[in-house]
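Here is how the chains run, residue by residue.
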Amino acid sequence: MPYKSIFTGLLSLVFVIDFINTTGLTSQEIAKFQVSGNYEASVSVDSSNSEYYVISASGIPDHAWEEVNPNTPSNQNYNIKIPKTPTVATTKACVPFGKIGLTRTGVAIYNPLAAGSVNAVEGDSSETFDSCDGHASPDGAYHYHEIPNSCLYNNTVDELIGVAFDGFPIYGPNVSDISDRWINSTDLDSCHGREVSGEYRYHVTEQWPYFLGCYHGTVYDDVVTVTYDCDLSSNDWNQWLYYLCECPEGTGTGTTNTDCHPPPPPGQQCPSSISNVNSYYNSNASLLSPLTSFYSIVLLLSAIILEYM
């Protein structure tokens, strides 16, 4: 029927809307990549290539740090390619373990997980961070899993934190269009970002997954290895509340934070199988972004309408 073709075209347009923005770092944002010169910190941005920036950095923070684990920060000699014009991924990429972006001072940003695929920031599995909200990995890479609220982030309005490896900037939670509170994860899409004046950006928040939930754009293969299996039909994708679809499913029967992720509400258990994930979602509804919920409704209604056309 012609109506079916028209409806299918309109449905496709709904999903294209989220993929039209491909603007990366601006010259004003590039200018903010600098350090104070303390603690052997260094960062520079080479703009000579027509397709990408090269961010060179020691990876050592320009603030004081403490040894809160057996590891000591050391020079990482980063030379990382960042697309000048990001390519928005039609299928979102899972963020890998290890570094997923860099701050404006050249320090690594990690995903929210620690070894064993548990929450590195909150709950029983949380790791120890120094007074500047970071720590070093066994290879000496100092990094942040959470908002660097003590020594890097100044809580100024619309403050640039850094850049993800797909080329889109990462901003802080104090935003000019929300005056009465910090932005939180429920304000953002499944990759932990949104469009501001037509430009896509990520935001670091105080809630899971803190920095990124997935890559909105594509990443150079020689920067990090990512997988592109984050479709809504994937059990891992759904089980992890649309975040970090590469991670284990996290099912369990206990009530501690290490049994599943995100941690279960007080007194409730983790989902023990895919069949009861929906009830788990309902009890954790605040973790789902309005945009993701909208897409889920569109998918459901579309399937019903197409079935009867």
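Residues numbered from 1 in each chain as written. Predicted model: local features only at pLDDT ≥ 70, side-chain atom pairs only at ≥ 80, totals over all residues. Heavy atoms only, no water.

As annotated in an unreviewed UniProt entry, the protein is YHYH domain-containing protein from Mytilus edulis.

Draft legend 1. Seen up close, the overall build of the protein. A tally of helices and strands in the protein yields 5 helices and 15 strands. Counting all 309 residues of the protein, 50% fall into the buried class. For the protein, contacts bridging at least 24 residues in sequence account for 58% of all contacts bridging at least 6. For the protein, the accessible area works out to roughly 13800 Å², and carbon and sulfur atoms hold 52% of it. (Helix = DSSP H or I, 4+ residues; strand = E, 2+ residues; numbered from the N terminus. Buried < 20%, exposed > 50% of the residue type's maximum accessible area, 1.4 Å probe, protein only. Contact = heavy atoms within 4.5 Å. Areas by Shrake-Rupley, 256 points an atom, 1.4 Å probe, with all protein chains shown as cover.)

Draft legend 2. Focus on the sheet that holds strand S12 (residues 169-171). Judged by pairing direction, the sheet is mixed, and its 8 strands sit side by side in the order S9-S10-S6-S5-S11-S12-S14-S13 without closing on themselves. Every interior strand has two partners, whereas the edge strands, strand S9 (135-136) and strand S13 (193-196), have only one. (Pairing = 2+ DSSP bridges.)

Draft legend 3. How the structure looks around the sheet that holds strand S2 (residues 52-57). Read across the sheet, 3 strands follow the order S1-S2-S3 without closing on themselves; strand pairing throughout is antiparallel. Looking at the sheet topology across the chains shown, the edges are occupied by strand S1 (43-46) and strand S3 (78-83). On average, adjacent strands in this sheet sit at an angle of 20° to one another, irrespective of strand direction. The pairing of S2 with S3 spans 6 bridges and is classified as antiparallel. Looking at the pairing, valine 54 lines up with lysine 81 of S3. (Axes fitted to C-alpha atoms, helices over the stretch in contact; angles between N-to-C directions.)

Draft legend 4. Structural view of the state of the cysteines. Across all of its chains, the model carries 2 disulfides by this definition. What pairs with cysteine 132 in a disulfide is cysteine 151, and their sulfur atoms sit 1.9 Å apart. The sign of the S-S torsion, about -65°, decides the handedness of the disulfide formed by cysteine 132 and cysteine 151: left-handed. With cysteine 132 in the loop between strand S8 (118-119) and S9 and cysteine 151 in the loop between strand S10 (142-144) and strand S11 (160-164), this pair connects stretches of sequence that are 19 residues apart. Between the sulfur of cysteine 191 and that of cysteine 214 lies a disulfide, 1.9 Å long from S to S. Residues cysteine 191 and cysteine 214 are joined through a disulfide that is left-handed, its torsion about the S-S bond being -95°. Residue cysteine 191 is found in the loop between S12 and S13, and its partner cysteine 214 is found in the loop between strand S14 (199-203) and strand S15 (215-217); the two are separated by 23 residues along the sequence. (Disulfide = S-S within 2.5 Å.)

Draft legend 5. Quick look at the pairing of S11. Burial runs high along S11: 5 of the 5 residues are buried. Looking at chain direction, strand S5 (residues 99-103) and S11 are connected through 3 bridges and run antiparallel. By the bridge assignment, leucine 102 is partnered in S11 with valine 163. Both S11 and S12 contribute to a ladder of 3 bridges, which runs antiparallel. Paired with valine 163 across the two strands is proline 169, which belongs to S12. Between S11 and S12, which follow one another and run antiparallel, lie 4 residues, and glycine 167 among them has a positive phi close to 105°.

Draft legend 6. Just the packing of aromatic side chains, in detail. Across all of its chains, the model carries 7 aromatic pairs by this definition. Centre to centre, the rings of tyrosine 153 and tryptophan 182 are 5.9 Å apart; their planes meet at 75°, and the pair counts as edge-to-face. Of the two residues, tyrosine 153 is situated in the loop between S10 and S11 and tryptophan 182 in the loop between S12 and S13; the sequence distance between them amounts to 29 residues. Here the aromatic rings of tryptophan 208 and tyrosine 210 are separated by 6.2 Å at their centres, their planes lie at 85°, and the arrangement is edge-to-face. (Phe/Tyr/Trp six-rings, centres within 6.5 Å; stacked < 30°, edge-to-face > 60°.)

Draft legend 7. Broad picture of the pattern of salt bridges. Tallied over the entire structure, the rule returns 4 salt bridges. Note that aspartate 177 and arginine 194 form a salt bridge whose closest N and O atoms lie 2.7 Å from each other. Here aspartate 177, found in the loop between S12 and S13, pairs with arginine 194, found in strand S13; they are 17 residues apart in sequence, far enough to count as distant. (Salt bridge = Lys/Arg side-chain N within 4 Å of Asp/Glu carboxyl O.)

Draft legend 8. Representation of the environment of aspartate 189 in the model. Inspection of the secondary structure puts aspartate 189 in the loop between S12 and S13. By relative accessible area, aspartate 189 is classed as buried at 6%. When the C-alpha positions of aspartate 189 and cysteine 214 are compared, they lie 9.8 Å apart, and in sequence the two are 25 residues distant.

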